[in-house]
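What the coordinates show
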Protein chains: 4
Amino acid sequence: MAPTSLSRPASTRHPDSRFEQRLAQILQHATAVFYEKGYEGASMRDLSRSSGMSLAGLYYYFESKEKLLYLIHKHYFTTVAQRLTERLEEVQNPEERVRTFIFNHLDFFLANHKAMKVLSHEDDVLERELGAEIAALKRQYYHSCSDLVEALKREHSSEFNTRVAVLSLFGMMNWLYTWYNPRIDPGADELSRQVGDIFLRGIRVPAAH
Amino acid sequence: MAPTSLSRPASTRHPDSRFEQRLAQILQHATAVFYEKGYEGASMRDLSRSSGMSLAGLYYYFESKEKLLYLIHKHYFTTVAQRLTERLEEVQNPEERVRTFIFNHLDFFLANHKAMKVLSHEDDVLERELGAEIAALKRQYYHSCSDLVEALKREHSSEFNTRVAVLSLFGMMNWLYTWYNPRIDPGADELSRQVGDIFLRGIRVPAAH
Amino acid sequence: MAPTSLSRPASTRHPDSRFEQRLAQILQHATAVFYEKGYEGASMRDLSRSSGMSLAGLYYYFESKEKLLYLIHKHYFTTVAQRLTERLEEVQNPEERVRTFIFNHLDFFLANHKAMKVLSHEDDVLERELGAEIAALKRQYYHSCSDLVEALKREHSSEFNTRVAVLSLFGMMNWLYTWYNPRIDPGADELSRQVGDIFLRGIRVPAAH
Amino acid sequence: MAPTSLSRPASTRHPDSRFEQRLAQILQHATAVFYEKGYEGASMRDLSRSSGMSLAGLYYYFESKEKLLYLIHKHYFTTVAQRLTERLEEVQNPEERVRTFIFNHLDFFLANHKAMKVLSHEDDVLERELGAEIAALKRQYYHSCSDLVEALKREHSSEFNTRVAVLSLFGMMNWLYTWYNPRIDPGADELSRQVGDIFLRGIRVPAAH
DNA sequence: TATGAATGAGTGTTCATTCAT
DNA sequence: TATGAATGAACACTCATTCAT
């Protein structure tokens, strides 16, 4: 995890320093609190309590509550996108590549479900530069999915509205945070197979001619 | 729209009185504000400003900010469910009935997109009795969809996890609030056709034997 | 009960009119509410609720919350003082006259214990003219007691600080509202005998020479 | 003065720390404000003004207005009871022990008359646990007086209602806050002698036989 | 005679944040 | 590296009161 702009001058940090480790812990606690109470509903006092650090102490690690949310967004988005890249390197078949995207997303989603609710739910609270940066990350992630779907579409000579299809797929996946229950619902493997089935069968539309 | 428990004794109200009308206006303004800022992020002062009524004056119409959110939830959920019932009366074919559900939902969604974001986004902030009542409404709505899908499944002798399928469908539809853009995306008719296509094709899974 | 200055022009009132009766009822309800919550702690809404009259309606009968407290003070003080006058007319013996004062006070106190708590407890909240008028009433009542004690003192040729003695007597009597329990404590007759015993024995101090 | 439950963890406090000192100062200011305006009538803003600390700053020292009143009650009650214990250690004679109680009470009362008005006047506003704890303290204090009076009663073989007598004594003493004027009334020594005279002579009732 | 509707000022309390240490 | 102490601004909500009807 490598947050880019922190309150401390960059020159005094080195990767995986105690600073980074401590910050990562705080981010975890904060994620849990935002998960429970939402970003607006959570107070810095809540974060202080959950992390065991004093209110003032927290400000050594990030400069504002909003920046903290930014760091969370950035960390998880960077991570999920990076894993995706790694996994796609080993897959060539267009349909398998889409399935890989879905599996990667859901696998990460279920393993980090608190963070993923935060990312899904607190999508538009970041403002200005911070918001723009995260939005760019998301756009990029969206396009990496969109590209995979387009490739498949070409292979199948299908006809459908890619934008609607891809965003519907994101809807199926991101809405999970409202209903997924690990005790009764399938795990990442089976779930991504089922969602993949619905989506892939769903878009196999022979072009009309 | 008929809010159930208000500060005034029920006996002094009659349907569509000035009181009800004024409350309905306030609900509209409040919906717009919650849409913009979220429930937690919106202050009663924001509501006062947007509705043109004094802060104290608002409390004549509802007893708390939470009750206001409850009234919004209740109004829109009741309405969408009622329209569904009406529309389903005229449709017999199982597949058409599922398509009717989708169209009804998206039609209402797009016509009341601010409210629908509020309903989707502020799903779990209502507590205790208020929350339980709305949750019951939502469960009922979910089951009405689930029943339609089950009927179709029987007809097609398909095999799939109904729960996952139905909640994926809700995901496709409810996630709309994060991306739908009336200038570039299709209207309710076409959109519900496309979503319906993906979903219905997606679940047409012949039973293995 | 004849309050002196009300919001309605005097010319339109006549004694025991419906207006006076309604006001008297409101005063009773208000007394009960002030007894429970204190003057500052009670809201006009509480009074509205307890009297069954609308918030705005109350203002037809008195012009402010403070004036209402004034009316209560005035009514009860006038009444207890008037009864005292009547009772003293039939008693000549100095000691008996002091006992009559005590009995009159306690008899009234126990019969109107809610009001008496209000009078005792909300002693200094009335301001300016209103406060001055009630203070004058109380001073007069104090002096009527003080005079009786002075008369007795002369008869017995006792020596003691009259002010301290009389105010101690008032203390014994007015403090009652904090502890009197009708189920275990004696009634007005016996209680005033006991308090009278303590006080009268207590001040029978032969002058030193 | 050792408040029991504060917002800071007990482990980080040590007796007479700056925190305790500052809290004690605030308690003094608050006592003066409650004395002037009553508990309900005083606002947190009044306390802020009188103590020279910001409104929000006050909440660092106690968690609510009610808790503040509790701390005041507790401090003064604990102190007066403790002094009583010390003074009684040196007195054996039953009558002198009652006189010691009276002197101790009035001495403290006059030296802390603002606080004592608050304790007398805001007797029943504390609720639940807080109220119960203070009520227990008061009951204990009442019984320590009652025991002394009982002892005297046995010695004199007197007959009187102890409860009425003791509560009358408290009435004489606690009512002081409504009338005591240091410029014209006697000091603690003389005043407690006079009150003691009235009370002790008052209860010297030979048993009837 | 009484009230529904409304309000400005105020309530107790919490907010994210700062700064000396 | 971390915190105790403090703050101005804001929070949801209630206050006594008014006024057209």
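The structure displayed is predicted, hence computed values, not measured ones.

Let's shift gears to the overall build of chain A. Within chain A, the secondary structure is distributed over 9 helices and 0 strands. Reading the secondary structure of chain A in the N-to-C direction produces α-α-α-α-α-α-α-α-α. Here the C-alpha coordinates of chain A stretch approximately 65 × 40 × 30 Å along the principal axes. Within chain A, the proportion of its 209 residues that are buried is 52%. Taking the contacts inside chain A whose residues are at least 6 apart along the sequence as the reference set, 70% of them involve residues at least 24 apart.

Turning our eyes to something else, we now look at the relation of the copies chain A and chain B. Superposing chain A onto chain B takes a rotation of 179° combined with a translation of 0.0 Å along the rotation axis, leaving an RMSD of 0.1 Å. Such a combination of rotation and displacement between the chain copies is what one expects of a two-fold axis.

Listed by partner, the interface residues are 33 residues for chain D and 33 residues for chain C. Among the residues chain D hides against chain C, the three largest losses belong to Trp175, Ile198 and Arg201 of chain D. Together they make up 23% of the total. The tally of links from chain D across to chain C stands at 4 salt bridges. The closest approach of N and O atoms between Lys117 of chain D and Asp124 of chain C, which form a salt bridge, is 3.0 Å. Counting the contacts that link chain D with chain C gives 9 residue pairs in polar contact (both at pLDDT 80 or more). The element that contributes the greatest number of residues to the side of chain D that touches chain C is helix H8 (residues 162-174) of chain D, accounting for 9 residues.

This paragraph deals with the interface of chain A and chain B. In this complex, chain A contributes 32 residues to the contact, which on the side of chain B involves 33 residues. Summed over the shared surface of chain A and chain B, the number is 4 salt bridges. Asp185 of chain B is the salt-bridge partner of Arg163 of chain A, the closest N and O atoms lying 2.6 Å from each other. There are 9 residue pairs in polar contact (both at pLDDT 80 or more) connecting chain A and chain B.

Moving on, we come to the protein's contact with DNA strand E. Neighbouring DNA strand E are 35 residues; Tyr60 and Tyr61 of chain B, Ala56 and Tyr61 of chain C together with Tyr59 of chain D lie closest to it. When atoms of DNA strand E within 4 Å of the protein are split into backbone and base, the sugar-phosphate part holds 61%. Within the backbone of Lys65 of chain A, a nitrogen or oxygen atom sits 2.9 Å from a phosphate oxygen of DNA strand E. Between Ala42 of chain D and DNA strand E, the recorded distance is 3.2 Å, taken from a backbone N or O atom to a phosphate oxygen. If you list the elements that add at least two residues to the surface near DNA strand E, you get helix H2 (44-51) and helix H3 (55-58) of chain A, helix H1 (18-37) and helix H3 (55-58) of chain B, helix H3 (55-58) of chain C together with helix H2 (44-51) and helix H3 (55-58) of chain D. Partitioned by chemical class, the residues of the surface near DNA strand E number 19 nonpolar, 8 polar and 8 charged.

Turning next to the environment of Asp124 of chain B. Inspection of the secondary structure puts Asp124 of chain B in the loop between helix H6 (113-121) and helix H7 (128-156). Along the primary structure Asp124 of chain B and Leu148 of chain B are separated by 24 residues, whereas in three dimensions their C-alpha atoms are 26 Å apart. A polar contact is formed between the side chain of Asp124 of chain B and the side chain of Lys117 of chain A, at a distance of 3.2 Å.

Structurally, Thr100 of chain A is set in helix H5 (residues 94-111). Aside from chain neighbours lying at most four places away, what touches Thr100 of chain A is Arg87, Leu88 and Val91 of chain A.

Below, the discussion takes up the arrangement of the chains. With no contact between them, chain A and chain C keep their nearest C-alpha atoms 31 Å apart. Contact between chain A and chain D is absent, and the least distance between their C-alpha atoms amounts to 11 Å.

So, about the packing of aromatic side chains. Applying the stated criterion across every chain, the model contains 52 aromatic pairs over all chains. Here Phe34 of chain D and Tyr39 of chain D contribute two aromatic rings whose centre-to-centre distance is 5.3 Å and whose plane-to-plane angle is 65°, an arrangement assigned as edge-to-face. On the accessibility criterion, Tyr39 of chain D (9% relative accessible area) is buried. Taken together, the ring pairs in this structure connect Phe77, Phe101, Tyr141, Tyr142 and Phe170 of chain A into an aromatic cluster. Seen from the ring of Tyr35 of chain D, Lys117 of chain D lies directly overhead, with NZ or CZ sitting 5.3 Å from the centre.

By the definition in use, this model includes 56 salt bridges over all chains. The closest approach of N and O atoms between Arg201 of chain D and Asp197 of chain D, which form a salt bridge, is 3.8 Å. Note that Arg201 of chain D and Asp197 of chain D are positioned in helix H9 (residues 188-203) at a spacing of 4 residues, about one turn of the helix. When salt bridges with common partners are traced through the structure, they connect Glu95, Arg99, Glu190, Arg193, Asp197, Arg201 and Arg204 of chain A into a single cluster.

Glancing now at the domain arrangement of chain A. Residues and elements named next belong to chain A. The domain architecture assigned to chain A consists of domain 1 (17-66) and domain 2 (67-204). Between domain 1 and domain 2, the C-alpha centre-to-centre distance is 26 Å. On the domain 2 side, the residues contacting the 15 residues of domain 1 number 17 residues. For the pairing of domain 1 and domain 2, the buried interface totals around 1,500 Å² over both sides, and the portion due to carbon and sulfur atoms is 70%. Area buried by domain 1 at its contact with domain 2 is led by Thr31, Tyr35 and Glu66, which between them contribute 45% of it. With its nearest N and O atoms 3.0 Å apart, the salt bridge here joins Glu63 to Lys67. Contributions of two or more residues to the side of domain 1 that touches domain 2 are made by helix H1 (18-37) and helix H4 (65-88). In terms of residue count, H1 provides more of the side of domain 1 that touches domain 2 than any other element does, 7 residues in total. Tallied by class, residues from the side of domain 1 that touches domain 2 come to 9 nonpolar, 3 polar and 3 charged.

This brings us to the packing of H4 of chain A against H5 of chain A. Residue and element names in this part refer to chain A. For the pair H4 and H5, interaxial distance at closest approach is 10 Å and the crossing angle is 145°. Here H4 runs over H5; the crossing is right-handed. Only Arg97, Thr100, Phe101, Phe103, Asn104, Asp107 and Phe108 of H5 make contact with H4, whose side of the interface consists of Tyr76, Thr79, Val80, Arg83, Leu84, Arg87 and Leu88.

Angle between the axes and distance between the axes are the two parameters that describe a pair of packed helices. Residues and elements named next belong to chain A. The geometry of H4 relative to helix H6 (residues 113-121) is characterised by a closest axis approach of 10 Å and an angle of 115° between their N-to-C directions. As far as their axial angle goes, H6 and H4 are roughly perpendicular. You can see that H4 and H6 cross each other, and the crossing is left-handed. Contacts between H4 and H6 involve Leu69, Ile72, His73, Tyr76 and Phe77 from the first element and Ala115, Val118 and Leu119 from the second.

Cut-off values and rules
- Residues numbered from 1 in each chain as written.
- Chains lettered and ligands numbered in written order.
- Predicted model: local features only at pLDDT ≥ 70, side-chain atom pairs only at ≥ 80, totals over all residues.
- Heavy atoms only, no water.
- Helix = DSSP H or I, 4+ residues; strand = E, 2+ residues; numbered from the N terminus.
- Buried < 20%, exposed > 50% of the residue type's maximum accessible area, 1.4 Å probe, protein only.
- Contact = heavy atoms within 4.5 Å.
- Least-squares fit on C-alpha atoms with pLDDT ≥ 70 in both.
- Buried area = accessible area lost by both parts, 1.4 Å probe.
- Salt bridge = Lys/Arg side-chain N within 4 Å of Asp/Glu carboxyl O.
- Polar contact = N/O pair within 3.5 Å; in protein donor to acceptor, adjacent residues only side chain to side chain.
- Near = heavy atom within 4 Å.
- Nonpolar A, V, L, I, M, F, W, Y, C, P; charged D, E, K, R; others polar.
- Phe/Tyr/Trp six-rings, centres within 6.5 Å; stacked < 30°, edge-to-face > 60°.
- Lys NZ or Arg CZ within 6 Å of the ring centre and 35° of its normal.
- Domains from an automatic or database assignment.
- Axes fitted to C-alpha atoms, helices over the stretch in contact; angles between N-to-C directions.
- Left-handed = near helix turned anticlockwise from the far one by under 90°.
- Parallel < 35°, antiparallel > 145°, perpendicular 65-115°, else oblique.

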